[in-house]
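Structural overview
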Amino acid sequence: HSSGLLQVPRRRPSRIGTLGMALNFVGAPAAPRPAAAPASAPPAQFLTPSSRPAEAGGAAGAATFSMAFAAGVAMAASQRRPRIARAAQSTTTLPTVDRNTTKEFRRTLQRSENYHKFGKSQMDNARKELMSVSGSELVTKLRKNGFRLTVGDVTFVLADSYGFCWGVERAVAMAYEARNFFPDKNIWCTNEIIHNPSVNAKLQSMGMKFIPTVEGGGKDFSGVQKGDVVVLPAFGASIDEMALLKSRSVQIVDTTCPWVSKVWNSVEKTKEKGHTNIIHGKYSHEETIATKSFADKYLIVKDMTEAEYVADYILHGGDKQAFMQKFAKAISPGFDPDADLLKVGVANQTTMLKGETELIGKLFERVMIKKFGPQDIDQHFVSFNTICDATQERQDAMYKMFGAEYEAPKSKLYADLEGEQVGVELRSGSRQEKLSSKLVEDLTRGAAEEAAQAEKPSKVDLCIVVGGFNSSNTTHLLEIAEEEGVPGYHIDTAERLGRGSSPNSIEHKPLSTTPADAMQERGLVVKEGFLPEGHITVGVTSGASTPDAQVGEVLEKILQWKNGK
């Protein structure tokens, strides 16, 4: 096949409809599906000498239920508060893939019968059907009207970049298509498919299961059996988890965002040159956990402050013990800052701020130029463009909605080095051509039209931010509202409206409440009378894991109370 995709048989004419139609598995004739692929444990050359694949245990029951998608929506509302992953009894010991063979191991896995790929027509249909049930007529109308719409006493202003990014949309569509294509199989997700509890609960309502987590961050894979289907989430899975799944002879459906895969490729190239990977991200985030598994030597920095600390250590040395203590959870085994920071490359967690990632990359390049000279920079620094612009575009759109502008982060150390190296051209600032997330959104959702200037409000009275409480990119959007002095309310669903003593109330997550607490219904605040009297202008945005349908439900509920009271 010219596209390189695995050919799969067509479904029978009376196939189960994706998303909007009932998923009826009781008494229904079995749908044609690929035969269980023979598989084996990862070849010995991919594993470290001490690695031993974990034994399968437990029994996964067959999925037998009849559930309409509408019922899944109801389940999402009732079960969204507890996190999908629940406590388990024991952590599964993962095999350890030799970090010098991760590239070849992943390539071999992707070419194996364990690795299932959907055809282009299947994905196109899945996306269309996903949009048909996850979309919102009101949000679409808002978008087509230049992101502004007045209904009675309410003017909504929608950020011109919001909601599902194309990588998330692709992942969710693939997850639903997996259920469609394997109707009578046990299907597992190694983690939340995306950081949206309602979307994950909908997958549960379709009979999909999530690998349980145990205290301490491990996972219990004992329920996964030979012949099951396992979905890798949008932010990917570690190479060691992939090795375990191969040893269990399961069918793998990989929804990893292509931008995350691009980061992994850059990590591999940095490793091949013998450089240490400096990863801009959060060491406990699922995506960064996956990314670091492809590295041999790595150091994770969460922000500019930590990057400057590392840069200063490279230039001037320092207290090694204090360094090791500061980054104890963010370094590779056996890491030595005196030896492992002489050659570096920079990668990133895709949900981090684009401007900060760019500056961190430039900072380390200038540090290496100062330490080793521009003539030898290629021996000590490597740069790749791994920036996904979806996160930045959503933040830029928030500033634009408030009539403000994004200010790139600053670094005194970088400014000093830049002054010393006038005329030295950086590789970090070149080759920045990339796919525009907004362009893809315009293609899938329809381009917006310019609203008449007279209709454009000059002031936003308050801002509603819709998204999962554990979504870091959604939290950043709320931070912008607070920074600009606009009352902002982070909610996960429309059910948060009217939670107080009157319909004009809202239960929301303030910035001071941690995601973990909010996911357990702790630290949420009820604001009475959050909608002012008279005509109001409401700013609206949503995180990259939030479907339009959830935003539309919020807007409709506001209109019902404000115009119908």
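A quick note: this is a predicted structure, and the numbers were derived from the prediction, not measured.

Parameters at a glance
Residues numbered from 1 in each chain as written. Predicted model: local features only at pLDDT ≥ 70, side-chain atom pairs only at ≥ 80, totals over all residues. Heavy atoms only, no water. Pairing = 2+ DSSP bridges. Helix = DSSP H or I, 4+ residues; strand = E, 2+ residues; numbered from the N terminus. Contact = heavy atoms within 4.5 Å. Axes fitted to C-alpha atoms, helices over the stretch in contact; angles between N-to-C directions. Buried < 20%, exposed > 50% of the residue type's maximum accessible area, 1.4 Å probe, protein only. Expected span 1.5 Å × (residues − 1). Phe/Tyr/Trp six-rings, centres within 6.5 Å; stacked < 30°, edge-to-face > 60°. pLDDT = per-residue confidence, 0-100. Patch = residues over 30% accessible without salt bridge, like charges linked within 9 Å, V, L, I, M, F, W, Y side chains within 5 Å. Areas by Shrake-Rupley, 256 points an atom, 1.4 Å probe, with all protein chains shown as cover. Salt bridge = Lys/Arg side-chain N within 4 Å of Asp/Glu carboxyl O. Lys, Arg positive; Asp, Glu negative; His and termini not counted. Charge placed at Lys NZ, Arg CZ, Asp CG, Glu CD. Core = buried A, V, L, I, M, F, W, Y, C linked by side-chain atoms within 4.5 Å.

**Structural notes on the sheet that holds strand β13 (residues 381–382)**
Within the open sheet, the 4 strands sit side by side as β11-β10-β12-β13. Their pairing is parallel. With one partner strand each, in any of the chains shown, β11 (298–301) and β13 form the two edges of the open sheet. Pairing of strand β12 (residues 344–348) with β13, which is carried by 2 bridges, proceeds in the parallel orientation. Its bridge partner lying in β13, Gly-345 is registered against Val-382. Most of the contacts of helix α13 (residues 354–372) go to β12, to which it runs at about 180°, and overall it touches β10 (276–280), β12 and β13.

**Details of unusual backbone geometry**
For Ser-249, which is not glycine, the phi dihedral falls at a positive 60°. For Ser-249, the location among the structural elements is in the loop between α7 (239–247) and β9 (251–254). For Ser-249, a relative accessible area of 8% puts it in the buried group. Notably, Glu-521 is not glycine yet its phi reads approximately 65°, a positive angle.

**Description of helix α15 (residues 390–401)**
The end-to-end C-alpha distance of α15, which contains 12 residues, comes to 17 Å, matching closely the 16 Å that a straight helix rising 1.5 Å per residue would cover. Listed in full, the buried residues belonging to α15 are Ala-390, Thr-391, Gln-392, Glu-393, Arg-394, Gln-395, Ala-397, Met-398, Tyr-399 and Met-401. Downstream of α15 by one or two residues, Gly-403 has phi in the positive range, about 75°.

**Structural notes on the packing of aromatic side chains**
Tallied over the full model, the rule gives 9 aromatic pairs. Between Phe-118 and Phe-181, the aromatic rings sit 6.1 Å apart at their centres with planes inclined by 80°, giving edge-to-face as the arrangement. Here Phe-118 is found in the loop between β3 (115–116) and α3 (120–134), whereas its partner Phe-181 is found in helix α5 (residues 166–181), with 63 residues between them in sequence. Taken individually, Phe-118 and Phe-181 each receive the classification buried, so the pair is uniform in this respect. Here Tyr-313 and Phe-323 contribute two aromatic rings whose centre-to-centre distance is 4.8 Å and whose plane-to-plane angle is 45°, an arrangement assigned as tilted. Of this pair, Tyr-313 sits in helix α10 (residues 304–316) while Phe-323 sits in helix α11 (residues 320–326); the two residues are 10 residues apart in sequence, bridging distant segments of the chain. The pair Tyr-313 / Phe-323 is uniform in exposure class, with both members buried. By the ring-pair criterion, three or more aromatic residues cluster together here, those being Tyr-309, Tyr-313, Phe-323 and Phe-327.

**Points about the sheet that holds β9**
One open sheet accounts for 5 strands, arranged β3-β9-β8-β6-β7; its pairing is parallel. Looking at which strands have only one partner, the edges of the open sheet turn out to be β3 and β7 (208–210). Sheet topology places strand β6 (residues 187–189) next to β7; 3 bridges connect them, and they run parallel. Residue pairing for β7: Trp-188 is matched across the bridge by Lys-209.

**Quick look at the confidence of the model for the protein**
In this model, the protein carries a mean pLDDT of 83, and residues with pLDDT of at least 70 account for 79%. Here residues 451–455 is modelled with pLDDT under 50, and outside its nearest four sequence neighbours on either side it reaches 4 contacts, counting other chains as well.

**Quick notes on a negative patch on the surface**
A cluster of acidic residues, Glu-405, Glu-407, Glu-479, Glu-482, Glu-483 and Glu-484, forms a negative patch at the surface. Looking at where Glu-482 falls in the secondary structure, it is placed in helix α18 (residues 472–483).

**Remarks on the pattern of salt bridges**
Tallied over the entire structure, the rule returns 20 salt bridges. The shortest N-O distance in the salt bridge between Asp-160 and Lys-400 comes to 2.7 Å. Taken together, the positions of Asp-160 in the loop between β5 (154–158) and α5 and Lys-400 in helix α15 put the pair 240 residues apart, joining distant regions of the chain. Taking the shortest distance from any N to any O, the salt bridge between Arg-496 and Glu-521 comes out at 2.8 Å. Separated by 25 residues along the polypeptide, Arg-496 in the loop between β15 (488–491) and β16 (505–508) and Glu-521 in the loop between α19 (515–519) and β17 (525–528) bring together distant segments of the chain. Arg-496 gets classed as buried once you look at its relative accessible area, which sits at 0%. One salt-bridge network, in which partners are shared between bridges, spans Asp-492, Glu-495, Arg-496, Arg-499, Glu-507 and Glu-521.

**Observations regarding helix α20 (residues 548–564)**
Between its terminal C-alpha atoms α20 stretches 23 Å, which fits the 24 Å expected from 17 residues at 1.5 Å a residue. Of all the residues in α20, the buried ones are Asp-548, Ala-549, Gln-550, Val-551, Gly-552, Val-554, Leu-555, Ile-558, Leu-559, Trp-561 and Lys-562.

**Here we look at the nonpolar core**
With 96 residues, the main nonpolar core has Leu-299, Val-310, Leu-341, Leu-363 and Phe-364 as its most contacted residues. Looking at this core, the element that brings in the most residues is α5, giving 10 residues. Setting aside residues no more than four positions away along its own chain, Phe-364 makes contact with Ile-278, Ala-307, Val-310, Ala-311, Ile-314, Val-344, Val-346 and Phe-381. Membership of the second largest hydrophobic core comes to 28 residues, among which are Tyr-162, Val-466, Leu-497 and Trp-561.

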